[in-house]
Amino acid sequence: EISVPRFTLGQLMPLRPLHDALGDVARLASKRCEKPEINTTKVALQWVISKGASPLCDVTSQSNASAAGGCSGWALTEEEVQRLDAAADKVAKSRW
């Protein structure tokens, strides 16, 4: 079966600042919490949680279930949340 990409490079490039911030925060949180398994997916879920929302996750695959389960026992710092917020603002401004 041939897979067709969902998004073009042109669609993804404007999101780069947010993706980079997610990676940076994942590395920082991983060191701070001494949890090497913290990745961008888990940071994104924690970011949603930090806003007072409950993330809706598709847990039909092992990797998605692992990401959702990997959010317990740690949280983002206020500085990490602010860093992600700033990156999201930058992306939002570039899209309009």
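Scroll up to find the structure this text is about.
Description of the structure in this document.

1. Observations concerning the nonpolar core
Grouped together as the largest cluster of nonpolar side chains are 15 residues, with contacts concentrated most on Leu18, Val43, Trp47, Trp74, Leu76 and Leu84. Those elements that provide at least two residues to this core are helix H2 (16-33), helix H3 (40-50) and helix H5 (78-95). Ranked by the residues each element gives to this core, the list is headed by H2, at 6 residues. Here Trp47 is in contact with Leu18, Leu76, Val81, Leu84, Asp85 and Ala88, once residues within four sequence places are set aside.

2. Focus on the pattern of salt bridges
Taken as a whole and assessed by the stated rule, the structure comprises 5 salt bridges. For Asp20, the salt bridge goes to Arg16, with nearest N and O atoms at 3.0 Å. Highlighted residues: Asp20 and Arg16, both in helix H2, separated by 4 residues, approximately one helical turn. Judged by its relative accessible area of 34%, Asp20 falls in the partly exposed class. Here Arg16 falls in the partly exposed class, since its relative accessible area comes to 45%. Of the charged contacts, one joins Arg83 and Asp24 as a salt bridge, the two residues approaching to 3.5 Å between their closest N and O atoms.

3. Describing the environment of Ala92
Within the secondary structure, Ala92 is located in helix H5. Separated by 53 residues in the primary sequence, Ala92 and Asn39 have C-alpha atoms spaced 23 Å apart.

4. What about a nonpolar patch on the surface?
A surface patch of nonpolar side chains, amounting to about 270 Å² of accessible area, comprises Phe7, Leu12 and Leu15. Locating Leu12 in the fold gives a position in helix H1 (residues 9-12).

About the thresholds
- Residues numbered from 1 in each chain as written.
- Predicted model: local features only at pLDDT ≥ 70, side-chain atom pairs only at ≥ 80, totals over all residues.
- Heavy atoms only, no water.
- Core = buried A, V, L, I, M, F, W, Y, C linked by side-chain atoms within 4.5 Å.
- Buried < 20%, exposed > 50% of the residue type's maximum accessible area, 1.4 Å probe, protein only.
- Helix = DSSP H or I, 4+ residues; strand = E, 2+ residues; numbered from the N terminus.
- Contact = heavy atoms within 4.5 Å.
- Salt bridge = Lys/Arg side-chain N within 4 Å of Asp/Glu carboxyl O.
- Patch = residues over 30% accessible without salt bridge, like charges linked within 9 Å, V, L, I, M, F, W, Y side chains within 5 Å.
- Areas by Shrake-Rupley, 256 points an atom, 1.4 Å probe, with all protein chains shown as cover.

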